[in-house]
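Here is how the chains run, residue by residue.
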Amino acid sequence: ARVSRVHCLVELADDRLQVSDLNSTNGTFIDGKRVHGRAFLDLGATLQIGDLSFHHKLRRRAEALRR
């Protein structure tokens, strides 16, 4: 409810996460820098969409399934 369904797109491209802003009103940010078009989300980076933040980290499948 806090973020538009068409705010941005996160997809896998060449084994990296790629973020595309979909002309959102409030913007999409990686580590505090606004995404214009497309940008890669590197390990350790933070993706901010509205007032929500997502930290990109790598976990083993077993670790992820425990949650």
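Right above here is the structure, for reference.
Remember, it's a predicted structure, so these values are computed and weren't measured experimentally. (Residues numbered from 1 in each chain as written. Predicted model: local features only at pLDDT ≥ 70, side-chain atom pairs only at ≥ 80, totals over all residues. Heavy atoms only, no water.)

### Things to note about the environment of Phe29
With respect to the helices, strands and loops of the structure, Phe29 is situated in strand 3 (residues 28-30). As for Phe29 and Thr46, which are separated by 17 residues in sequence, their C-alpha atoms are 8.1 Å apart. Setting aside its immediate chain neighbours within four residues, Phe29 contacts Arg34, Val35, Thr46, Leu47 and Gln48. (Helix = DSSP H or I, 4+ residues; strand = E, 2+ residues; numbered from the N terminus. Contact = heavy atoms within 4.5 Å.)

### Observations regarding unusual backbone geometry
If you check the backbone angles, Asp15 has positive phi at about 65° while not being a glycine. Residue position: Asp15 is located in the loop between strand 1 (8-13) and strand 2 (16-21). What makes Asp15 exposed here is its relative accessible area of 73%. A positive phi angle is found at Asn23, which is not glycine, with a value near 60°. You can see Asn23 is positioned in the loop between strand 2 and strand 3. Accessibility expressed as a relative area gives 74% for Asn23, which makes it exposed. (Buried < 20%, exposed > 50% of the residue type's maximum accessible area, 1.4 Å probe, protein only.)

### A few points about the sheet that holds strand 5 (residues 38-41)
Read from one edge to the other, the open sheet built from 3 strands follows the order 1-2-5, with strand pairing classed as antiparallel. Unpaired on one side and paired on the other, strand 1 and strand 5 mark the two borders of the sheet. Geometrically, the sheet is characterised by an average inter-axis angle of 30° between neighbouring strands, direction not taken into account. The sheet contact formed by strand 2 and strand 5 spans 4 bridges and is antiparallel. Looking across to strand 5, one finds that Gln18 is bridged to Phe40. (Pairing = 2+ DSSP bridges. Axes fitted to C-alpha atoms, helices over the stretch in contact; angles between N-to-C directions.)

### Remarks on the sheet that holds strand 6 (residues 46-49)
Strand order in this open sheet of 4 strands is 4-3-6-7, and the pairing throughout is antiparallel. Only two strands of the sheet have a single partner each, and these edge strands are strand 4 (33-34) and strand 7 (52-55). Here 4 bridges tie strand 6 to strand 7, and the two strands are oriented antiparallel to one another. Looking across to strand 7, one finds that Thr46 is bridged to His55.

### What to know about the side chain of His7
Along the chain, the position of His7 falls in the segment before strand 1. The class for His7 is buried, based on a relative accessible area of 8%. Within the local environment of His7, its side chain forms a polar contact with the side chain of Ser24, the two groups lying 3.4 Å apart. In this view, His7 contacts Asp21, Leu22, Ser24, Gly27, Thr28, Ile49 and Gly50; residues no more than four positions away in its chain are not counted. (Polar contact = N/O pair within 3.5 Å; in protein donor to acceptor, adjacent residues only side chain to side chain.)

The quantities given are spatial measurements derived from coordinates; they are silent on function.
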